[in-house]
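Structure assessment
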Amino acid sequence: MLSSEEKKIENEEVEEKTERQSPEFGHSFFRADRAVPAIEFKDVRLAFDEKVILDGVSFKVRKGETKIILGRSGSGKSTTIRLTLGLLKPDDGEVLINGEDITYFSESQMMKVRENMGMVFQEGALFDSLSVYDNVAYRLHEKDVEEELVREEVERMLQFVDLEEAIDKMPSELSGGMRRRVGIARALVGEPNIVLFDEPTAGLDPPTARTICELAIKLRDIQDVSSIFVTHEMKNLDYLAQEYAIHDEEGNIVFEEEGERLCLINTEIIMINEGKIIFEGKEEELRTNRDPYIQKFLNGK
Ligand SMILES: Nc1ncnc2c1ncn2[C@@H]1O[C@H](COP(=O)(O)OP(=O)(O)OP(=O)(O)O)[C@@H](O)[C@H]1O
Ligand SMILES: [Mg+2]
């Protein structure tokens with residue numbers, strides 16, 4: 001057995017040998033702590049009054065993985081996200097973030113954990129009285145970060161979502177899709193390594209919905225972000241589970257389809273029904289699953 005000090009030294013050596021920088025965000029990839037899941041639910045139970053919402057839900061989101069959560073309205077998808085954020089506490093079971101049991105964390109402890117998390121809401125949830133700049137800068141302004149650094153970060157994030165030109169606009173001047181992208185830019189400030197998406201494409205036209213999915217794919221494949229992506233739109237499933245982002249020879253980010261021979265290993269799907277996970281696995285397995293409930297769901301019935 002190694003002492004904890006020896007282990008630490010060993011880990012540091014591994015990190016030094018294998019650390020690589022992402023060109024855009026400066027994240028470290030291939031760290032020794034990758035084996036620890038970014039998010040883990042262990043036998044989580046939650047009821048509101050008499051109504052059981054989650055009835056023993058367990059899953060793991062590995063580092064750099066996207067977990068797509070499917071389920072009918074009211075099945076507990078947003079509840080799962082609120083539990084991950086520590087906004088709700090389970091009646092039973094545990095929620096772990098980066099290996100840390102946050103189940104009984106106080107609000108102030110949770111604030112620290114949430115610094116590492118970004119949240120993308122359905123409506124974009126922007127502050128209407130603040131400009132795009134101030135919306136994206138919100139977290140940094142709260143922390144009294146120097147304005148020069150704030151501007152740099154805001155510009156970088158708006159560039160990531162391809163909205164640099166909107167920096168001085170007010171939310172009311174933006175289309176629904178642009179608002180959603182500003183919401184994503186805001187969620188990414190501070191380089192969270194966990195990003196939670198709750199129906200981020202609801203109500204958007206198909207091309208705009210696609211750009212939102214592309215952002216999620218870029219985060220997964222280029223930034224190594226771990227995420228939960230709640231959706232009921234099957235098209236999103238196609239994009240996220242069949243396409244990946246890479247840098248081409250000129251260094252531009254391009255999207256490729258996995259095709260017949262590849263199978264993306266960093267994207268998995270969970271389906272929740274009546275408080276239980278009724279499916280967990282790859283998109284290919286979901287499509288070929290014979291369960292009548294799943295087939296109905298996939299066919300939009
Ligand atoms: N704070 C609360 N108090 C009481 N019941 C709640 C509360 N929050 C959620 N619920 C109930 O829990 C169930 C699950 O809600 P949740 O918002 O997680 O569903 P969802 O899967 O996100 O649905 P949708 O697809 O419509 O967004 C619903 O029946 C909802 O009415
Ligand atoms: Mg919901």
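What counts and how
Residues numbered from 1 in each chain as written. Chains lettered and ligands numbered in written order. Predicted model: local features only at pLDDT ≥ 70, side-chain atom pairs only at ≥ 80, totals over all residues. Core = buried A, V, L, I, M, F, W, Y, C linked by C-beta atoms within 7 Å. Buried ≥ 20, exposed ≤ 12 C-beta atoms within 10 Å, placed from the backbone. Helix = DSSP H or I, 4+ residues; strand = E, 2+ residues; numbered from the N terminus. Pairing = 2+ DSSP bridges. Axes fitted to C-alpha atoms, helices over the stretch in contact; angles between N-to-C directions. Contact = placed C-beta atoms within 7 Å. pLDDT = per-residue confidence, 0-100. Near = placed C-beta within 6 Å. Nonpolar A, V, L, I, M, F, W, Y, C, P; charged D, E, K, R; others polar. Parallel < 35°, antiparallel > 145°, perpendicular 65-115°, else oblique. Left-handed = near helix turned anticlockwise from the far one by under 90°.

By size, the foremost hydrophobic cluster in this structure holds 65 residues, and its most contacted members are Val136, Met157, Ala185, Leu196, Ala216 and Ile228. Considering every element that reaches this core, the biggest residue donor is helix H7 (residues 206-221), with 7 residues.

Strand residues, when the strand is regular, have side chains that alternate between the two faces of the sheet. Inspection of the sheet shows strand S3 (residues 39-48) paired to strand S6 (residues 92-97) by 5 bridges, in the antiparallel sense. By the bridge assignment, Glu40 is partnered in S6 with Leu96. As paired elements, S6 and strand S7 (residues 100-101) share 2 bridges and run antiparallel to each other. Bridge pairing in S7 places Leu96 opposite Asp101. The turn joining S6 and S7, which pair antiparallel and follow one another in sequence, is formed by 2 residues; a positive phi near 50° is taken by Asn98.

The next point concerns the sheet that holds strand S5 (residues 66-70). As summarised here, the arrangement of the 6 strands in space is S8-S9-S10-S5-S13-S14, forming an open sheet in which the pairing is mixed. In the strand order of this sheet, the two ends are held by strand S8 (117-120) and strand S14 (276-281), each with one partner. For this sheet, the mean inter-axis angle between neighbouring strands, taken without regard to orientation, is 15°. The sheet strands contacting helix H6 (residues 176-188) are S8 and strand S9 (194-198), and the helix crosses S8 at an angle near 170°. Its contacts with the sheet put helix H8 (residues 234-242) on S5, strand S10 (226-230) and strand S13 (267-273), and the angle it makes with S5 is roughly 160°.

Turning next to the confidence of the model for the protein chain. The share of residues in the protein chain with pLDDT of 70 or more is 88%, and the mean pLDDT across the chain is 86. Considering only residues more than four positions removed or in separate chains, one finds that residues 1-24, a stretch of pLDDT under 50, has 20 contacts.

Attention now moves to the site of ligand 1. Close to ligand 1 lie Phe48, Ile53, Gly71, Ser73, Gly74, Ser75, Gly76, Lys77, Ser78 and Thr79. With 3 residues, helix H2 (residues 77-84) is the single largest residue contributor to the shell around ligand 1. Class assignment of the residues belonging to the shell around ligand 1 gives a composition of 2 nonpolar, 7 polar and 1 charged.

Turning our eyes to something else, we now look at the environment of Arg151. Mapping Arg151 onto the fold places it in helix H5 (residues 147-160). A tally of 14 C-beta atoms within 10 Å means that Arg151 is categorised as partly exposed.

Moving on: the environment of Gly190. Within the secondary structure layout, Gly190 lies in the loop between H6 and S9. Here the alpha-carbon distance between Gly190 and Ala137, two residues 53 residues apart in the chain, equals 9.9 Å. With near-sequence residues (within four places) excluded, Gly190 lies in contact with Glu115 and Arg139.

With that settled, the discussion passes to the packing of helix H4 (residues 132-142) against H6. With their axes 7 Å apart at the nearest point, H4 and H6 run at an angle of 30° to one another. With respect to H6, the element H4 is oriented roughly parallel. Considering only the axes of H4 and H6, their crossing is right-handed. Taking contact as the criterion, the partners of Val132, Asn135, Val136 and Tyr138 in H4 are, on H6, Val182, Ala185 and Arg186.

What follows concerns unusual backbone geometry. One can expect most non-glycine residues to show negative phi and most peptide bonds to be in trans. One non-glycine residue with positive phi stands out, namely Glu191, at about 50°. Within the secondary structure, Glu191 sits in the loop between H6 and S9. Residue Glu191 is classed as partly exposed on the basis of its C-beta count, with 17 C-beta atoms lying within 10 Å. Its identity is not glycine, yet Glu274 carries a phi of approximately 45°, on the positive side. Structurally, the position occupied by Glu274 is in the loop between S13 and S14.

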